[in-house]
Amino acid sequence: MTQDELKKAVADAAVQYILPRLEEDMIVGVGTGSTANFFIDALAVHKTKFDGCVASSEETARRLKEHGIEVYDLNTISEMEFYIDGADESNEHLHLIKGGGAALTREKIVAAVAKEFVCIADESKKVDVLGNFPLPVEVIPMARSHVARELVKLGGDPAYREGVVTDNGNIILDVWNMSIVDPITTEAKINQIAGVVTNGLFADRPANVLMLGTKDGVKTVKAKNQ
């Protein structure tokens, strides 16, 4: 199977995973990226079974609306049962690296509201130690150099993602060469740097369920500490 076929398979499986629990008044949180796009396309077939979605990016909102799915502002939502999104890496505790698509801040906010975070990915994203994929950090533009110097002190090698502006009007630093053995502590330390909006470690609020597309079918993993 190609990587796109694996992504489509796991996206379809995620729809089947939440479908029995969908209700007409429910709002579903939806992430950003290629795997999330497959999920949106599969979810649209069942759009009469729920009320609408909260999108983690302008691109996701556009795709949902193209399918005729109502998109809600998160500020109007008091609770959300599910958030479904992809990841760039996941460890055995379902701590994630996200932000390859530069939507990490909104993704982290939507995930914080959801009762259950279902991460969907192909099997290449499962790793023993996070950090081979560069860790994205969203930064206020005027703080770029300061934040980069502080990230070097933490052992990283930050690189400015040229030509990328987030939906929030900020820039992205991608931090290379970090072996992240303590994701919760690392997430907190980076977020404490003045000028950082947030970073792409989803460790303080990890996924609840990881669904992996593999050549042998979709495998569902729950964190060892859950």
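In what follows, the structure referred to is the one given above.
Residues numbered from 1 in each chain as written. Predicted model: local features only at pLDDT ≥ 70, side-chain atom pairs only at ≥ 80, totals over all residues. Heavy atoms only, no water.

Q: Looking at this structure, how should I read the overall build of the protein chain?
A: Of regular secondary structure, the protein chain possesses six helices and 13 strands. Here the C-alpha atoms of the protein chain give a radius of gyration of 17 Å, agreeing with the 17 Å that 2.2 N^0.38 yields for 226 residues. Overall size of the protein chain, expressed as C-alpha extent along the three principal axes, is 50 × 40 × 30 Å. A total of 226 residues make up the protein chain; the buried ones form 53% of that total. In the protein chain, 74% of the contacts between residues at least 6 apart in sequence involve partners at least 24 apart. Entry remark: accessible area of the protein chain is about 10,400 Å², with carbon and sulfur atoms responsible for 49%. Placing the 24 positive and 34 negative side-chain charges of the protein chain at their respective mean positions leaves the two points 2 Å apart. (Helix = DSSP H or I, 4+ residues; strand = E, 2+ residues; numbered from the N terminus. Rg over C-alpha atoms; globule rule 2.2 N^0.38 Å. Buried < 20%, exposed > 50% of the residue type's maximum accessible area, 1.4 Å probe, protein only. Contact = heavy atoms within 4.5 Å. Areas by Shrake-Rupley, 256 points an atom, 1.4 Å probe, with all protein chains shown as cover. Lys, Arg positive; Asp, Glu negative; His and termini not counted. Charge placed at Lys NZ, Arg CZ, Asp CG, Glu CD.)

Q: Can you walk me through the nonpolar core in this structure?
A: What tends to happen in soluble globular proteins is that the nonpolar side chains get buried as a cluster. Membership of the largest hydrophobic core comes to 28 residues, with the highest contact counts inside it found for F39, I84 and I120. Only helix 1 (3-18), strand 1 (27-30), helix 2 (34-43), strand 2 (52-55), helix 3 (58-66), strand 3 (80-85), strand 6 (114-122) and strand 12 (209-214) provide two or more residues apiece to this core. In terms of residue count, helix 1 provides more of this core than any other element does, six residues in total. Ignoring sequence-local partners within four residues, the contact set of I120 consists of V10, A11, A14, T35, F39, I84, D85, G86, A87 and M211. Membership of the second largest hydrophobic core comes to 20 residues, among which are L96, F117, A121 and L210. (Core = buried A, V, L, I, M, F, W, Y, C linked by side-chain atoms within 4.5 Å.)

Q: Got a minute to help me understand the pattern of salt bridges in this structure?
A: Pairing between side chains of opposite charge can happen when the charged atoms of each approach one another. Under the definition given, this model contains 13 salt bridges. As a salt-bridge pair, E187 and K108 come within 2.9 Å of each other at their nearest N and O atoms. Pair noted here: E187 is in helix 6 (residues 183-191) and K108 is in helix 4 (residues 104-113), with a separation of 79 residues, a long-range link. Accessibility assignment for this pair places E187 and K108 in one class, buried. A salt bridge links K125 to D122; the shortest N-O distance between them is 2.7 Å. For the residue pair K125 and D122, the accessibility class agrees, reading buried in each case. Overlapping salt bridges bring together E59, R62 and E66 as one network. (Salt bridge = Lys/Arg side-chain N within 4 Å of Asp/Glu carboxyl O.)

Q: Would you mind showing me how to read the packing of aromatic side chains here?
A: Two aromatic rings, taken as a pair, are described by how far apart their centres are and by the angle between their planes. One pass over the full model with this rule turns up two aromatic pairs. With 5.1 Å between their ring centres and 45 degrees between their planes, Y83 and F117 make a pair best called tilted. Note that Y83 is positioned in strand 3 and F117 in strand 6, a separation of 34 residues in sequence. Taken together, the ring pairs in this structure connect Y83, F117 and F202 into an aromatic cluster. Of note, R21 hangs over the ring of Y17, and the distance from its end group to the ring centre comes to 5.0 Å. The lysine or arginine in question, K108, covers the ring of F202, its NZ or CZ lying 5.1 Å from the ring centre. (Phe/Tyr/Trp six-rings, centres within 6.5 Å; stacked < 30°, edge-to-face > 60°. Lys NZ or Arg CZ within 6 Å of the ring centre and 35° of its normal.)

Coordinates in, geometry out; function isn't part of it.
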